[in-house]
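These are the residues of each chain, in order.
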Amino acid sequence: MRIRVILAGVAAAGLMAFPAMAQDGQYGEQLNRIVTEAAAGTCLEALMAASLLDACNGQIEGMAPGLSAMGAIESVTFVSAQDTPDGRVETWAVKFSGGRTMNWVIGHLQDGKFSTVGTAG
């Protein structure tokens with residue numbers, strides 16, 4: 001099973017160029033909501049910037065079944081945060097009831113919406 005990445009507006013190499021700047025996460029609740037809704041086949045317009053929403057809508061049909069098959073989210077655990085020129089990006093370990101844990105990134109929050117959400121690695 002392959003999950004497509006919804007990573008809009010950021011290059012992974014760019015994230016690694018900036019040291020971690022925070023000791024705790026701020027975006028765990030929003031990530032949980034975005035992933036839960038994606039598993040149900042919905043891209044959350046309320047939390048996604050236009051570019052991310054477009055990317056999500058283009059992939060949701062193929063992405064939702066894979067996310068749904070992993071089961072409900074059991075936990076969302078903060079891993080790290082980086083400050084980038086476009087804003088903060090956090091990495092979270094998301095554990096699903098089916099036993100799989102995946103690292104996800106979320107960030108570049110502007111006007112209450114994220115332009116970066118996706119699997120890391």
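Note: the structure precedes this text.
Keep in mind that this is a model prediction, so the values were computed, not measured.

What counts and what doesn't
Residues numbered from 1 in each chain as written. Predicted model: local features only at pLDDT ≥ 70, side-chain atom pairs only at ≥ 80, totals over all residues. Heavy atoms only, no water. Phe/Tyr/Trp six-rings, centres within 6.5 Å; stacked < 30°, edge-to-face > 60°. Helix = DSSP H or I, 4+ residues; strand = E, 2+ residues; numbered from the N terminus. Buried < 20%, exposed > 50% of the residue type's maximum accessible area, 1.4 Å probe, protein only. Disulfide = S-S within 2.5 Å. Salt bridge = Lys/Arg side-chain N within 4 Å of Asp/Glu carboxyl O.

Peer 1: Looking at this structure, how should I read the packing of aromatic side chains?
Peer 2: One pair of aromatic rings is described through two measures. These are the centre distance and the angle between the planes. For the structure on display, the rule yields two aromatic pairs. With a centroid separation of 4.9 Å and an interplanar angle of 75°, the aromatic rings of Tyr27 and Phe114 are classed as edge-to-face. Of this pair, Tyr27 sits in the loop between helix 1 (12-16) and helix 2 (28-39) while Phe114 is found in strand 4 (residues 113-119), placing the two residues 87 residues apart along the sequence. The exposure classification of Tyr27 matches that of Phe114, with both residues buried. Taking the centre distance of 5.3 Å and the plane angle of 70° together, the rings of Phe78 and Trp92 count as edge-to-face.

Peer 1: Just to check I follow, could you spell out the state of the cysteines for this structure?
Peer 2: Each disulfide consists of a covalent bond between the sulfur atoms of two cysteine residues. If you walk through the whole model with that rule in mind, you get one disulfide. With its sulfur 2.1 Å from that of its partner, Cys43 forms a disulfide with Cys56. On the sign convention where negative means left-handed, the S-S torsion of about -85° between Cys43 and Cys56 marks this disulfide as left-handed. Of this pair, Cys43 sits in the loop between helix 2 and helix 3 (50-69) while Cys56 sits in helix 3, and the two are 13 residues apart along the sequence.

Peer 1: Mind showing me how you'd approach the pattern of salt bridges here?
Peer 2: Between side chains of opposite charge, a pair can form when the charged atoms approach closely. All told, the structure shown has two salt bridges when counted by the stated rule. The salt bridge involving Glu74 is made with Lys95; its shortest N-O contact spans 3.8 Å. Of this pair, Glu74 sits in strand 1 (residues 73-84) while Lys95 sits in strand 2 (residues 87-96), placing them 21 residues apart in sequence. For Lys95, a relative accessible area of 35% translates into the label partly exposed. Note that Arg88 is salt-bridged to Glu90, the shortest N-O span being 2.5 Å. Here Arg88 and Glu90 have matching classes, each one buried.

Peer 1: Can you walk me through unusual backbone geometry in this structure?
Peer 2: Most peptide bonds take the trans form, and the phi angle of most residues other than glycine is negative. The backbone phi angle of His108 is positive, close to 55°, even though this residue is not glycine. Mapping His108 onto the fold places it in strand 3 (residues 101-110). Taking the relative accessible area as the measure of exposure, His108 reaches 5% and is therefore buried. For Asp111, which is not glycine, the phi torsion reads 55° and is therefore positive. Residue classification places Asp111 among the exposed positions, given a relative accessible area of 76%.

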